[in-house]
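Listed below are the residues making up each chain.
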Amino acid sequence: MALTDAELVARALAGSQDACRLLVARHSRVVFNLIARMVRDPGVAEELAQDSFVKAFGALRSFDPSYKFSNWLLRIAQNTAIDHLRRVRPETVSIDAEAPGQPIADLLVDERARSPLDRAEQRDLREALETALAGLRPDYRRLVVLRYLEDASYEDIAAMLDLPLGTVKSHLHRARAELARLMEDSGWAPDRDPADEVCNPGRGPARRTG
Amino acid sequence: MKTNHRETVRAWLAAERRGQDEEADRQFRRVAAVLPRLRPSAGFADAVLQRAGLAETTPDLWASWWGRLAVASALLSAGSLAVSLTPHGWLTAGLASLRAVAWGVNHGGAAARAWIGGAFTVWAGLAHAAVALGRLLAAPGPMLLLVLNLTVAGAALAALRRLLPLQEN
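All values reported here derive from a predicted model rather than from experimental measurement. (Residues numbered from 1 in each chain as written. Chains lettered and ligands numbered in written order. Predicted model: local features only at pLDDT ≥ 70, side-chain atom pairs only at ≥ 80, totals over all residues. Heavy atoms only, no water.)

(A) Region of interest: the overall build of chain B. Across its full length, chain B carries six helices and zero strands. Seen in sequence order, chain B has helices and strands lined up from the N terminus as α-α-α-α-α-α. Across the 169 residues that make up chain B, the buried fraction comes to 16%. Working note: accessible area of chain B is about 12900 Å², and carbon and sulfur atoms make up 70% of it. (Helix = DSSP H or I, 4+ residues; strand = E, 2+ residues; numbered from the N terminus. Buried < 20%, exposed > 50% of the residue type's maximum accessible area, 1.4 Å probe, protein only. Areas by Shrake-Rupley, 256 points an atom, 1.4 Å probe, with all protein chains shown as cover.)

Dropping the structure here:
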C-alpha cells in the first residue's frame, strides 16, 4: 500500500532519501504547474519549483502533520513564485497589459485532438485562455490554477493561501468574471459567429476594438 | 465523446452574464480542461535532492585526509627510492623489470596458444559431429521422419495459436 504524505515526511525526517524522492515525485507536477502558470516561463518555473522543494525540506521539522502536506508545500511554492514576481516585476501587473512572451505556448501540444478542425479550435481556445490567464493579476491567477487546473477545493485553497473561505470564493468569482471579459474581448463572445475562426484557424479570433 | 469547445465557452460566458455562479464554475472547469497540466523536466527530482544536499554521493577518496596522505606517502617513497638509487642499482632494477616483462610475454603467449589450440579442438569435434549428423539425415528414411515431425509440430502450433485468443475471450 502506498505511504501517505505524513508517513513519507516522518521517514524523510528520519533521513530517508527515498522518502524525499517520493515526495518530490508525488508533488512536483502540481508545484511546477502552479509556478509555471504564475511566472509564465518554464525555465524559471523549474528553478523556482526546485527552490520550493529545497525550502520545504529545509523546514520539514516545522511541518505540522495535522495539516495536508500538499497545502503546506503549495503555500511555499506560491510564496516563492510571488517573491520572484516582486523581484523581477515590482510594479503592479495591469490586467490590460500585453501578455509577456509566451514560452508556455510552446508546450501546448495535444495529440489527442481528433481532427485538424478540432485541433485548430482547441489551439485557438488554449491560446485565448493562456492569454487571458496571463492578463489576470498573479494572485487571481494562482486561484484559478489551483481551483480549475488542480481541482483544489475552496477549503484547501483557503488553507493553502491562508485566506478566509469567503475571500477565496469572492476572488475566484472576480477572477472568472475578469477572464470572461478578456475572452469576450478576444472574440469569444457568445453572439459571435464561430465559423469566422473555425474556418480560418490560422487567422485567430478577431480583437474587438470598441 | 466529441467536445465542442465553443459551445462550452458560450455556456460558461452565458452563465457568467446571468450571474449563475455555480453553473459558471462548472462550465469554466470544462473550459479549463483544454489547458495542459505542465510538467517539470525528467531530472527534476535528482536536481532537487542534489540542491537540498540529500543526494547519495559516491565516496571521494581524494576528499579524505587519509586518502591524500596515502597518495602523498606513495609518491614520496617512490621519489626517495629513485633519488637514492646508484647507477648500478638503476641497471639492476631495469634488468629485473625487463626480465619480468619478458616472462609475462612468454607465459602470456603460451597461454594464448593453448587457448586457441583448445578452441580449434572443440570446433573440430563439433564439425565432425555435424558431418556425421548430416550424413545420417541425408538418408531417405530419417529425412522423411524429420519432415513428418516438423509438419505435425507446425500444425499443433497453428492450432494452439487459434485456440489461445478464443480462450482469452
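(B) Structural view of the environment of Arg174(A). All names here are of chain A. Looking at the element boundaries, Arg-174 is found in helix H8 (residues 165-188). Since its relative accessible area comes to 46%, Arg-174 is described here as partly exposed. Expressed as a C-alpha distance, the spacing of Arg-174 and Tyr-140, which sit 34 residues apart in the sequence, is 8.2 Å.

(C) Highlighting the side chain of Arg147(A). Within the element layout of this structure, Arg147(A) appears in helix H6 (residues 138-149). Owing to a relative accessible area of 10%, Arg147(A) belongs among the buried residues under this scheme. When neighbours within four sequence positions are excluded, Arg147(A) is seen to be in contact with Ala152(A), Ser153(A), Tyr154(A), Ile157(A), Leu172(A), Asp25(B) and Arg29(B). (Contact = heavy atoms within 4.5 Å.)

(D) How the structure looks around the confidence of the model for chain A. Residues and elements named next belong to chain A. Averaged over chain A, the pLDDT score is 80; the fraction of residues at 70 or greater is 77%. Highest mean pLDDT in chain A belongs to helix H3 (residues 42-58) (93); lowest belongs to helix H9 (residues 195-198) (47). Scored below 50 in pLDDT, residues 91-103 shows 19 contacts in the model against residues more than four places distant or in partner chains. Contacts for the low-pLDDT stretch residues 105-109, under 50 throughout, to residues beyond four places or in other chains number six contacts. (pLDDT = per-residue confidence, 0-100.)

(E) Local environment of the pattern of salt bridges. This structure, assessed with the given rule, holds 22 salt bridges over all chains. Across the pair Asp151(A) and Arg29(B) runs a salt bridge whose closest N-O atoms are separated by 2.7 Å. In this pair, Asp151(A) is assigned in the loop between H6 and helix H7 (154-161) and Arg29(B) in helix H2 (residues 21-32), connecting two distinct chains. Salt bridges sharing common partners tie together Arg147(A), Arg176(A), Glu16(B), Asp21(B) and Asp25(B). (Salt bridge = Lys/Arg side-chain N within 4 Å of Asp/Glu carboxyl O.)

(F) Main features of the packing of helix H4 (residues 69-88) of chain A against H7(A). Residues and elements named next belong to chain A. With their axes 8 Å apart at the nearest point, H4 and H7 run at an angle of 55 degrees to one another. Compared by their axis directions, H4 and H7 come out oblique. As H4 runs across H7, the sense of the crossing is right-handed. Across the interface between the two elements, Asn-71, Leu-74, Arg-75 and Gln-78 from H4 touch Asp-156, Ala-159, Met-160 and Leu-161 from H7. Among the residues forming the contact of H4 with H7, the class breakdown is four nonpolar, two polar and two charged. (Axes fitted to C-alpha atoms, helices over the stretch in contact; angles between N-to-C directions. Parallel < 35°, antiparallel > 145°, perpendicular 65-115°, else oblique. Left-handed = near helix turned anticlockwise from the far one by under 90°. Nonpolar A, V, L, I, M, F, W, Y, C, P; charged D, E, K, R; others polar.)

(G) Highlighting the nonpolar core. Membership of the largest hydrophobic core comes to 74 residues, with the highest contact counts inside it found for Ile35(A), Phe57(A), Val144(A), Trp12(B) and Phe28(B). By residue number, the principal contributor to this core is helix H2 (residues 17-39) of chain A, which donates twelve residues. Leave out the neighbours within four places in its chain, and Ile35(A) touches Arg40(A), Ala45(A), Leu48(A), Ala49(A), Ser52(A), Ala77(A) and Ala81(A). (Core = buried A, V, L, I, M, F, W, Y, C linked by side-chain atoms within 4.5 Å.)

(H) Highlighting the packing of aromatic side chains. Residues and elements named next belong to chain A. By the definition in use, this model includes seven aromatic pairs over all chains. Centre to centre, the rings of Phe-53 and Phe-57 are 6.4 Å apart; their planes meet at 35 degrees, and the pair counts as tilted. Taken together, the residues Phe-53 and Phe-57, both in helix H3 and four residues apart, mark about one turn of the helix. According to the relative accessible area criterion, Phe-57 is buried, its value standing at 12%. (Phe/Tyr/Trp six-rings, centres within 6.5 Å; stacked < 30°, edge-to-face > 60°.)

(I) Quick peek at the interface of chain B and chain A. Taken together, the 38 residues of chain B in the interface contact 52 residues of chain A. For the pair chain B and chain A, the summed buried area comes to about 4400 Å², and 60% of that belongs to carbon and sulfur atoms. Together, Arg6(B), Leu38(B) and Arg51(B) form the three largest contributors to the area buried by chain B at its contact with chain A, with a combined 18%. Taken together, the connections running from chain B to chain A amount to ten salt bridges. Among the salt bridges present, the one from Glu47(A) reaches Arg51(B), with a minimum N-O distance of 3.7 Å. (Buried area = accessible area lost by both parts, 1.4 Å probe.)

(J) Quick look at the packing of H6(A) against H7(A). Residues and elements named next belong to chain A. Look at H6 against H7: their axes get within 10 Å of each other, and the N-to-C directions meet at 140 degrees. Taken as axis vectors, H6 and H7 run oblique relative to one another. Of the two elements, H6 crosses H7, and the hand of that crossing is right-handed. Between H6 and H7, the contacting residues are Arg-142, Leu-143, Leu-146 and Arg-147 on the first element and Tyr-154, Ile-157, Met-160 and Leu-161 on the second. Residue composition of the contact of H6 with H7, by class: six nonpolar, no polar and two charged.

(K) Fine view of a nonpolar patch on the surface. A contiguous nonpolar patch, built from Met143(B), Leu146(B), Val147(B) and Leu150(B) and spanning about 350 Å² of accessible area, is present on the exposed surface. Relative to the elements of secondary structure, Leu150(B) occurs in helix H6 (residues 140-168). (Patch = residues over 30% accessible without salt bridge, like charges linked within 9 Å, V, L, I, M, F, W, Y side chains within 5 Å.)

(L) Structural view of helix H1 (residues 5-13) of chain A. Residues and elements named next belong to chain A. For H1, the set of buried residues is Asp-5, Leu-8, Val-9 and Ala-12. Along H1, the residues classed as buried sweep out an arc of 100 degrees about the axis, all on the same side. Looking at the packing, one finds that the buried side of H1 touches H2 and H4. Looking one or two residues beyond H1, the residue adopting positive phi is Gly-15, at roughly 100 degrees. (Arc of directions from axis to C-beta.)

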